[in-house]
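# Secondary and tertiary structure notes
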Amino acid sequence: MIQNLPLPLLLVAFALAAAAVIFSSIRATRLADIIADRTRMGEAMAGGIILGGATSLAGVVVSVNAALNGDASFAFSNAVGGIAAQTLFLAIADLIYRRANLEHAAAEPANLFQAVMLMILLSLPLCAIAGPEVAYFGVHPVSVALFLTYLYGVRVSAQVSEKPMWRPVMTSETRTDEPEDDDEAGRSVTGPALRFAALVAVMGLGGFVIAQVGSTFIERFGLRSSLVGSLITAVVTSLPEFVTTIVAVRRGALQLAVGGIIGGNTFDTLFLVISDVSLREGSLYHAVGTTDLYWLGTGLLMTGILLAGLIARQREGPARIGFESVAMLAVYGIAATIEVLNG
């Protein structure tokens, strides 16, 4: 039904779906912080697993819908384009957090490990694309390896968070991960968890509408799938991560902000696994083009820069932000410009 709507109504549906996803993500951020305090999970882990996975749901729906429709480029570029966009959001959050470089203030071993894990996960699709064209029951072996690596990485991330083998040097600008209310740990987590689940359902529905509108743009206006996937649906479905990051920074939950982006990005690599399973014409990795590979490389490069910033912990750089934020803004700007010019 959505595909048959006239352009004005199509844009309205797109805007309403985006607004629903964004509003739900704002409420979900506060609930994730409460869940982190009541379960003693910690902001970095709550951001990486609970909040990161929830805010990524809309993007999952877009990629799966595209793969089921046989558009591998749309599914792939939406996933890897979202990872690049979400990494960019940390640089924007750094501009907003004026006390010090965000990566300096939010020092957390779990975030460092998740950034390393993300680079490993992004390297696996590169191996699949460059390797022989194989698939078993329509699924590439790398998808299985990627899924198992993600599960193992989550387990190790939890261990790093609970029993870190080293701790960052504390400075006057380092923000520690402590509950806002010492009594939170004794309260029930059931209520916040149920409300959080309801908001996740709204995000999923919004993602479905966005996927339908994106597919319509490609068919009706002859736009390239990689352009729509990397710069339209990827950015829109990533807005929850942007909103939750800004809200978390405003609340002073800096580990939650950084962990939400990095954890959301690691979860987003599973888009490729689900899309590979959903694409019935063969392996996803051998059905994509060089433009999609370009965005995969961009996401990998930006993650490497972010990891360097998390390790260096520069207190203050150009415009009172870290060198990593300046570099990430430049890399994404160049990548987006090239994508538009090639469109």
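Keep in mind it's a predicted model, so treat the numbers as computed, not measured. Within any chain, residue numbers begin from 1 and follow the written order of that chain's sequence. Reporting of local features is limited, given that this is a predicted model, to residues whose pLDDT is at least 70; pairs of side-chain atoms are given and counted only at 80 or more, and all residues count toward the totals for whole chains, interfaces and linings. Excluded from the side-chain calculation are hydrogens and water; included are all heavy atoms of the structure.

We now examine helix H13 (residues 323–342). Labels follow the DSSP assignment, with helices taken as runs of H or I lasting at least four residues and strands as runs of E lasting at least two, numbered in each case from the N terminus. In this analysis, the expected span of each helix is defined as 1.5 Å times one less than the number of residues it contains. For H13, built from 20 residues, the straight-helix expectation of 28 Å at 1.5 Å per residue is met to within 8% by its first-to-last C-alpha distance of 29 Å. Regarding H13, the residues found buried are Glu324, Ser325, Met328, Val331, Tyr332, Ala335, Ala336 and Glu339. When H13 is viewed along its axis, its buried side chains cluster within an angular range of 130 degrees and face the same direction. For H13, the exposed residues lying more than 90 degrees away from the buried face are Ile334, Val340 and Leu341. Only heavy atoms matter for contacts: two residues are in contact if any of them lie within 4.5 Å across the pair. In this structure, the buried residues of H13 make contact with helix H4 (72–96), helix H5 (102–105), helix H9 (225–251) and helix H12 (290–312). Any residue under 20% of the maximum accessible area for its type is buried, any over 50% is exposed, and the rest in between are partly exposed; the area is computed with a 1.4 Å probe on protein chains only. What the arc covers is the set of directions going from the helix axis to the C-beta atoms.

On to the confidence of the model for the protein, then. Parts of the model with low pLDDT should not have their predicted coordinates read in detail. Per-residue confidence for the protein averages 84 on the pLDDT scale, and 90% of its residues sit at or above 70. Summary of the metric used: pLDDT quantifies the predictor's per-residue confidence within the range 0 to 100. Across the protein, helix H11 (residues 270–278) holds the top mean pLDDT of 94, while helix H2 (residues 43–55) sits lowest at 62.

Our focus in this paragraph is the environment of Arg313. Following the sequence through the fold, Arg313 ends up in the loop between H12 and H13. Look at Arg313 and you get buried, because its relative accessible area is 15%. Counting along the chain gives 59 residues from Arg313 to Leu254, while the straight-line C-alpha distance between them is 14 Å.

Bringing the side chain of Thr87 into the picture now. Assignment of secondary structure puts Thr87 in helix H4. For Thr87, a relative accessible area of 1% translates into the label buried. In contact with Thr87, not counting residues within four places along its chain, are Ile261, Asn265, Met302, Leu306 and Met328.

All right, on to the UniProt feature "domain: Sodium/calcium exchanger membrane region" (unreviewed entry) in the protein then. UniProt positions are given in the numbering used here, feature names are shortened, and annotations may be inferred rather than shown by experiment. Feature annotation in UniProt places "domain: Sodium/calcium exchanger membrane region" (unreviewed entry) on residues 10–151 and 196–338, given in this structure's numbering. The span residues 196–338 is 81% helix and 0% strand, and its two end C-alpha atoms sit 38 Å from each other.

Another point: a nonpolar patch on the surface. Side chains of Leu7, Leu11, Phe221 and Leu223 sit close together on the surface and give an oily, nonpolar patch of about 320 Å² of accessible area. With respect to the secondary-structure elements, Phe221 resides in helix H8 (residues 190–221). Patch building starts from residues that exceed 30% relative accessible area and form no salt bridge, then joins like charges within 9 Å and nonpolar side chains (Val, Leu, Ile, Met, Phe, Trp, Tyr) within 5 Å. Here the accessible surface of atoms and residues is derived via Shrake-Rupley with a 1.4 Å probe, and residues count as covered only by protein chains that are part of the display. Salt-bridge detection follows one rule: a side-chain nitrogen of Lys or Arg within 4 Å of a carboxyl oxygen of Asp or Glu.

On to the environment of Gln159. In this fold, Gln159 is placed in helix H7 (residues 141–162). Overall, the relative accessible area of 42% leaves Gln159 in the partly exposed class. Here the alpha-carbon distance between Gln159 and Ile232, two residues 73 residues apart in the chain, equals 37 Å.

So, about the packing of helix H6 (residues 109–130) against helix H10 (residues 254–268). The convention used is that axes are lines fitted to C-alpha atoms, helices contributing only their stretch in contact, and that angles between N-to-C directions extend from 0 to 180 degrees. As a packed pair, H6 and H10 sit with axes 9 Å apart at the nearest point and diverge in direction by 20 degrees. Classified by the interaxial angle, the pair formed by H6 and H10 is roughly parallel. Relative to H10, H6 is oriented so that their crossing is left-handed. Residues Asn111, Gln114, Ala115, Met117, Leu118 and Leu121 of H6 lie in contact with H10, whose contacting residues are Gln255, Val258, Gly259, Ile262, Gly263, Asn265 and Thr266. Under the scheme applied, nonpolar residues are Ala, Val, Leu, Ile, Met, Phe, Trp, Tyr, Cys and Pro; charged residues are Asp, Glu, Lys and Arg; polar residues are all the others, including Gly. Of the residues contributing to the contact of H6 with H10, the split by class is 6 nonpolar, 7 polar and no charged. Our angle categories are set so that under 35 degrees counts as roughly parallel, over 145 as roughly antiparallel, 65 to 115 as roughly perpendicular, and the remainder as oblique. Take the far helix as your reference; a near helix turned counterclockwise from it by less than a right angle gives a left-handed crossing, and one turned clockwise gives a right-handed crossing.

Below, the discussion takes up unusual backbone geometry. Of note, Phe137 is a non-glycine position whose phi angle comes to about 60 degrees, a positive value. Here Phe137 is to be found in the loop between H6 and H7. Looking at Phe137, the relative accessible area reads 80%, which means it is exposed. You will see that Arg313, though not glycine, has its phi angle at about 50 degrees, which is positive.

Next up on the list: the side chain of Ser238. Take Ser238: it is sitting in helix H9. Filtering out sequence-adjacent residues up to four positions away, Ser238 remains in contact with Gly82, Ala85, Gln86 and Phe89.

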